[in-house]
Amino acid sequence: MNRAAFTFSAVVVAILLSYGLHEALDVAPTEASMGNIQRIFYYHVPSYATAFSMFAVNLLASVFYLLRRGTPSAAAADAAAVSAAELGVLFCSVGLMTGMLWAKPVWGIWWTWDARLTSTFVLWLIYVSYLMLRRLSEGDQAPTLAAALAIFGFVDVPIVYMSIRWWRTQHPQPVIFGEQGSGLDPAMVPALLINLAAFMCYGAMLFWVRYKLERARQQLRLAQAVHSLELARMEAR
Amino acid sequence: MDTVRSLQHLHAAYILAWCAHLGYVLYLVRGFMQVKREAEGLRKS
């Protein structure tokens, strides 16, 4: 992506996010029982949707890495995996934070260990562990171990999604793809859809930038290794 | 319905969400600057 295309994408994403914010705070109707605090929904749900998409990209890139280990495309897959995991943790953190700020006025508590919240917290911990493994371990085995962890870690994503269907939870039952009569008020749908699209585009743009950074780091590490070898060879002569 | 506290939580959620995203963008910018600095150092040596 060249500079002009990136600038154009950034402008489109900024417009989408601004429009989404306007829809969420000004246009969407006020929910009857909760009041204006329900407007957190328009950031809470898109944050998790983007996080889950990033974890899915991380899974695909990790599988690709394990299948193509030792080939030039493996390094690109590894860069995609770590970029997606980092963004997944960012969006999941925003989801957890907005959820707690929503819970306190509505439930009277910041947090409860119900199935949805606990499985989401475990998901967050799994991917934070993934990033710590990447950051703190040295050697060629780190990307392989991280890829294996990513595959097992993704198992928690469907558990988080289905938790409010499988178990009785403090967290509300699904309003999207839920049972009959549980749907969202039609007047609230545009604000949700616009914010979903805005967050997905914003996430994709951040992913591309983070991927470019990781590729630049890989190339720098390679250049540093070659430089060190040349120095060692010159000293040996 | 709305209380002062619930509106504070609504505003805090939106502001904190954008602080987190802005922080991440700054982290990315710092990452690119660090790579550039190290690449220049390598080229000089």
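Residues numbered from 1 in each chain as written. Chains lettered and ligands numbered in written order. Predicted model: local features only at pLDDT ≥ 70, side-chain atom pairs only at ≥ 80, totals over all residues. Heavy atoms only, no water.

### A few points about the overall build of chain A
Then comes step 1: Counting its regular elements, chain A contains 7 helices and 0 strands.
Then comes step 2: In terms of its C-alpha atoms, chain A occupies a principal-axis envelope of roughly 80 × 40 × 30 Å.
Then comes step 3: Taking the intrachain contacts of chain A between residues at least 6 apart in sequence as the baseline, contacts between residues at least 24 apart amount to 74%.
Then comes step 4: Surface summary for chain A: the accessible area is close to 12,300 Å², and the carbon and sulfur share equals 67%.
Then comes step 5: Looking at charge distribution, chain A has the averaged site of its 17 positive side-chain charges lying 7 Å from that of its 14 negative ones. (Helix = DSSP H or I, 4+ residues; strand = E, 2+ residues; numbered from the N terminus. Contact = heavy atoms within 4.5 Å. Areas by Shrake-Rupley, 256 points an atom, 1.4 Å probe, with all protein chains shown as cover. Lys, Arg positive; Asp, Glu negative; His and termini not counted. Charge placed at Lys NZ, Arg CZ, Asp CG, Glu CD.)

### Describing the pattern of salt bridges
Oppositely charged side chains can form a pair if their charged atoms are brought close together.
All names here are of chain A.
Then comes step 1: Considering all chains together, one arrives at 5 salt bridges over all chains under this definition.
Then comes step 2: Between Arg 210 and Glu 86 there is a salt bridge whose closest N-O contact spans 2.7 Å. In this pair, Arg 210 is assigned in helix α7 (residues 189-236) and Glu 86 in helix α3 (residues 72-107), connecting sequence segments 124 residues apart. The pair formed by Arg 210 and Glu 86 is uniform in burial state, with each residue classed as buried.
Then comes step 3: By sharing partners, the salt bridges in this structure join Glu 86, Arg 210, Glu 214, Arg 217 and Arg 221 into a single network. (Salt bridge = Lys/Arg side-chain N within 4 Å of Asp/Glu carboxyl O. Buried < 20%, exposed > 50% of the residue type's maximum accessible area, 1.4 Å probe, protein only.)

### Re helix α1 (residues 4-44) of chain B
Structural remark: α-helix, 3.6 residues per turn; residues separated by three or four positions point the same way.
Then comes step 1: Along its 41 residues, α1 of chain B runs 59 Å from first to last C-alpha, staying within 8% of the 60 Å computed at 1.5 Å per residue.
Then comes step 2: Looking only at α1 of chain B, the buried set comprises Ser 6, His 9, Leu 10, Ala 13, Tyr 14, Ala 17, His 21, Tyr 24, Leu 28, Gly 31, Val 35 and Leu 42 of chain B. (Expected span 1.5 Å × (residues − 1).)

### A closer look at the environment of Arg 116 of chain A
Residues and elements named next belong to chain A.
Then comes step 1: As for its placement among the helices and strands, Arg 116 is situated in helix α4 (residues 115-136).
Then comes step 2: With 50 residues separating them along the chain, Arg 116 and Trp 166 place their C-alpha atoms 9.9 Å apart.
Then comes step 3: Leaving out residues up to four positions away in the same chain, Arg 116 has contacts with Val 160, Tyr 161, Ser 163, Ile 164, Thr 169 and His 171.

### A few points about the layout of surface pockets
Over the atoms rolls a probe the size of a water molecule, and its path tells where empty space is left.
Then comes step 1: Looking at the largest pocket, its volume works out to about 1,200 Å³.
Then comes step 2: Along the walls of the largest pocket sit 34 residues, with Arg 134, Glu 214, Arg 217, Gln 218 and Arg 221 of chain A positioned nearest its centre.
Then comes step 3: Of all elements in the fold, only α3, α4, α5 (141-153) and α7 of chain A together with α1 of chain B reach the threshold of two or more residues within the lining of the largest pocket.
Then comes step 4: Among the elements that take part in the lining of the largest pocket, α7 of chain A stands out by supplying 10 residues, more than any other. (1 Å grid on protein atoms, 1.4 Å probe; cavity = no way out; pocket = protein on both sides within 12 Å on 5 of 7 lines; lining within 4 Å. Points joined across faces, edges and corners; volume = space filled by probe spheres on them.)

### Here we look at the packing of α7 of chain A against α1 of chain B
Then comes step 1: One way to put it is that α7 of chain A packs onto α1 of chain B with a least axis distance of 10 Å and a crossing angle of 25 degrees. It follows that α7 of chain A is roughly parallel to α1 of chain B by the angle criterion. By crossing handedness, the relation of α7 of chain A to α1 of chain B is classed as left-handed.
Then comes step 2: Split by residue class, the contact of α7 of chain A with α1 of chain B holds 17 nonpolar, 4 polar and 4 charged. (Axes fitted to C-alpha atoms, helices over the stretch in contact; angles between N-to-C directions. Parallel < 35°, antiparallel > 145°, perpendicular 65-115°, else oblique. Left-handed = near helix turned anticlockwise from the far one by under 90°. Nonpolar A, V, L, I, M, F, W, Y, C, P; charged D, E, K, R; others polar.)

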